Amino acid sequence: MSPFTRILVIGAAGQIGSELTLVMRERYGAANVVASDVHPLKDGPLKESGPHAALDIRDRSAIAALVQEHGCNCIVNLAALLSATAEQHVQAAWEINIGGHYNTLEVARELGLKQVFCPSSIAAFGPTTPRDNTPQSTVLEPTTIYGVTKVSGELLGNYYYQRFGVDCRGLRYPGIISSDTLPGGGTTDYAVDIFYQAIQHGSYECFLREDTMLPMMYMPDCIKCTLDLMEADRAKLSNAAGYNITAMSFTAGELAAEIRKHLPEFTITYVPDVRQNYADSWPRSIDDSAARSEWGWQHDFDMPSMVTDMLAKLTPRLKSNGAGEAG
Ligand code: NAD
Ligand code: SER
């Protein structure tokens, strides 16, 4: 029995939304999940499998109109500028990541929605945070505008629950690795690009140092933890708007070595750019014991099983039609 009547997904065409929306349509009914993004959806499964609309999250009245038109009682807000893009467009990052989040919370308050889900990130942490096994409750002093919006978003979400009873939930996602939709404008994107380059060209120039360790998660686990949290009993949640969550941690060098077990000719070089600074301010590993104990979080994929699955999915697709060339 679904806890939601209908769900509006904002930012549905992105790396996470393009897969999460399809899984939610299978789980809650195709007609009950409305996919929206700032531009009209391209032809494909997302557009063809259920209701869809163009929606700019900066337009609060348009969000309210869509929610009312479809009878939604939940908003999943995935619209954001990620770390590298946000640093290049600071005002837009604030308007989309925080202005947009505020708009969804206001619509939820005004229309009495059941829930708003909005991800946070490992970018909520900063250089003053302990970087190994980073605790749930710790210093949150990010040095990127993206991180500033993520901490602010968590605080706003918790405030709206305490002040207005709006049930806002979120996860501090680590870097998300997936084979369907390329990530855009992030720092952890290297861990996806590397597969495309390894398969198509046999080599990769990495924009992070070899010893850069970051927390990561494979998309099936990302979808699983998102739905688990959305469906959890609110009474059990002590950190609803910003749970630590993780599945694995590895360095760029360790990922390359694992890929080389499958593709022995693969070579990698390291040419760090400004994204190295962002990665150096984020945790190396995460303590997600609160998520595990409070709502039963368990990951399925570690690094070797993720690499095996990524290569199995991408190799036939990239070899047959050259589609999905990483930028
Ligand atoms: P993405 O960049 O792939 O997708 C974001 C989507 O938002 C895009 O489709 C974009 O068109 C849309 N968008 C941008 N501006 C918009 C606007 N004004 N109105 C409506 N839509 C707009 O990002 P993603 O990786 O799918 O991330 C989704 C969420 O998860 C974000 O909040 C992000 O911060 C968070 N997150 C992602 C990762 C990751 O590794 N992918 C890690 C941590 C947190
Ligand atoms: N994957 C994101 C980024 O690199 C982290 O939130 O920006």
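Because the structure is predicted, anything quoted here is derived from the model rather than measured.

Conventions we followed
- Residues numbered from 1 in each chain as written.
- Chains lettered and ligands numbered in written order.
- Predicted model: local features only at pLDDT ≥ 70, side-chain atom pairs only at ≥ 80, totals over all residues.
- Heavy atoms only, no water.
- Helix = DSSP H or I, 4+ residues; strand = E, 2+ residues; numbered from the N terminus.
- Rg over C-alpha atoms; globule rule 2.2 N^0.38 Å.
- Buried < 20%, exposed > 50% of the residue type's maximum accessible area, 1.4 Å probe, protein only.
- Salt bridge = Lys/Arg side-chain N within 4 Å of Asp/Glu carboxyl O.
- Near = heavy atom within 4 Å.
- Polar contact = N/O pair within 3.5 Å; in protein donor to acceptor, adjacent residues only side chain to side chain.
- Areas by Shrake-Rupley, 256 points an atom, 1.4 Å probe, with all protein chains shown as cover.
- Nonpolar A, V, L, I, M, F, W, Y, C, P; charged D, E, K, R; others polar.
- Pairing = 2+ DSSP bridges.
- Contact = heavy atoms within 4.5 Å.
- Axes fitted to C-alpha atoms, helices over the stretch in contact; angles between N-to-C directions.
- 1 Å grid on protein atoms, 1.4 Å probe; cavity = no way out; pocket = protein on both sides within 12 Å on 5 of 7 lines; lining within 4 Å.
- Points joined across faces, edges and corners; volume = space filled by probe spheres on them.

A. Broad picture of the overall build of the chain. Of the regular secondary structure elements, the chain holds 12 helices and 14 strands. A compact globule built from 327 residues would reach a C-alpha radius of gyration of about 20 Å, and the chain, at 19 Å, matches this within 12%. For the chain, the spread of C-alpha atoms along the three principal axes comes to 55 × 45 × 40 Å. The buried share among the 327 residues of the chain stands at 55%.

B. Spatial organisation of the pattern of salt bridges. Following the criterion strictly, the structure yields 17 salt bridges and no others. Between Asp56 and Arg58 there is a salt bridge, and its shortest N-O distance comes to 2.9 Å. Residue class for Asp56 comes out partly exposed when judged on its relative accessible area of 26%. Looking at Arg58, the relative accessible area reads 40%, which means it is partly exposed. If you follow the salt bridges from partner to partner, you end up with Arg60, Glu106 and Arg109 in one network.

C. Spotlight on the site of ligand 1. Of all residues adjacent to ligand 1, which total 28 residues, the nearest are Gln15, Asp37, Tyr146, Lys150 and Ile176. Measuring from a nitrogen atom of ligand 1, one finds a side-chain N or O atom of Asp56 at 2.9 Å. Within the backbone of Ile57, an N or O atom sits 2.9 Å from a nitrogen atom of ligand 1. In isolation ligand 1 exposes 820 Å². Once the protein is present, 90% of that is buried. Secondary structure elements with two or more residues in the shell around ligand 1: β6 (120–121), α6 (145–164) and β9 (175–177). Its residues assigned to classes, the shell around ligand 1 shows 16 nonpolar, eight polar and four charged.

D. Representation of the pairing of strand β4 (residues 74–77) within the structure. The alternating pattern of β4 places Cys74 and Val76 on one face and Ile75 and Asn77 on the opposite face, and all of these are buried. Across four bridges, strand β1 (residues 7–10) lies against β4 in parallel orientation. The residue of β4 that forms the bridge with Val9 is Val76. Summarising the sheet, β4 and strand β5 (residues 115–117) pair through three bridges and their orientation is parallel. When the sheet's bridge partners are listed, Ile75 is paired in β5 with Val116.

E. Focus on the sheet that holds β5. A sheet is described by the order of its strands in space; here six strands give the open sequence β3-β2-β1-β4-β5-β7, paired in parallel fashion. With partners counted over all chains shown, the strands left at the sheet margins are β3 (52–54) and β7 (168–169), one partner each. With three bridges connecting them, strand β2 (residues 33–37) and β3 associate as parallel partners. Of the residues in β3, the one forming a bridge with Ala35 is His52. Seen against the sheet, helix α3 (residues 60–70) touches β1, β2, β3 and β4 and runs at an angle of roughly 145° to β1. Sitting on the sheet, helix α8 (residues 219–231) is in contact with β4, β5 and β7, with an inclination near 155° to β5.

F. Here's a closer look at the sheet that holds strand β11 (residues 213–218). Here three strands make up an open sheet; going across it, the order is β9-β11-β13 and the pairing mixed. A strand with exactly one partner marks an edge of an open sheet, and here the two such strands are β9 and β13 (248–251). Strand-to-strand twist across the sheet, computed as the mean angle between neighbouring axes with direction ignored, equals 45°. The pairing of β11 with β13 spans four bridges and is classified as antiparallel. Within β13, the position partnered with Pro215 by the bridge is Ser249. Relative to the sheet, helix α7 (residues 190–201) contacts β9, β11 and β13, its axis offset from that of β9 by approximately 25°. Running at roughly 95° to β13, helix α9 (residues 252–262) makes contact with β11 and β13 of the sheet.

G. Fine view of empty space enclosed by the protein. Inspection of every chain in the model, using the stated rule, returns one cavity of 30 Å³ or more. Roughly 90 Å³ of internal volume is contained in the largest cavity. Residue lining of the largest cavity: 13 residues in total, with His101, Cys118, Pro119, Gly153 and Glu154 positioned closest to the centre. Secondary-structure elements contributing two or more residues to the lining of the largest cavity are α5 (90–111), α6 and β7. Element by element, the count of residues in the lining of the largest cavity is highest for α6, at five residues. Of the residues in the lining of the largest cavity, the class split is four nonpolar, six polar and three charged.

H. Inspection of the site of ligand 2 at higher detail. Near ligand 2 the following residues occur: Leu82, Ser83, Ser121, Tyr146, Gly186, Thr187, Thr188 and Trp282. With respect to ligand 2, the side chain of Ser121 contributes an N or O atom lying 2.5 Å from an oxygen atom. Interatomic distance of 2.7 Å between a side-chain N/O atom of Thr188 and a nitrogen atom of ligand 2. Expressed as a share of its isolated accessible area of 240 Å², the protein-covered part of ligand 2 is 93%. The residue inventory of the shell around ligand 2, partitioned by class, reads three nonpolar, five polar and no charged.

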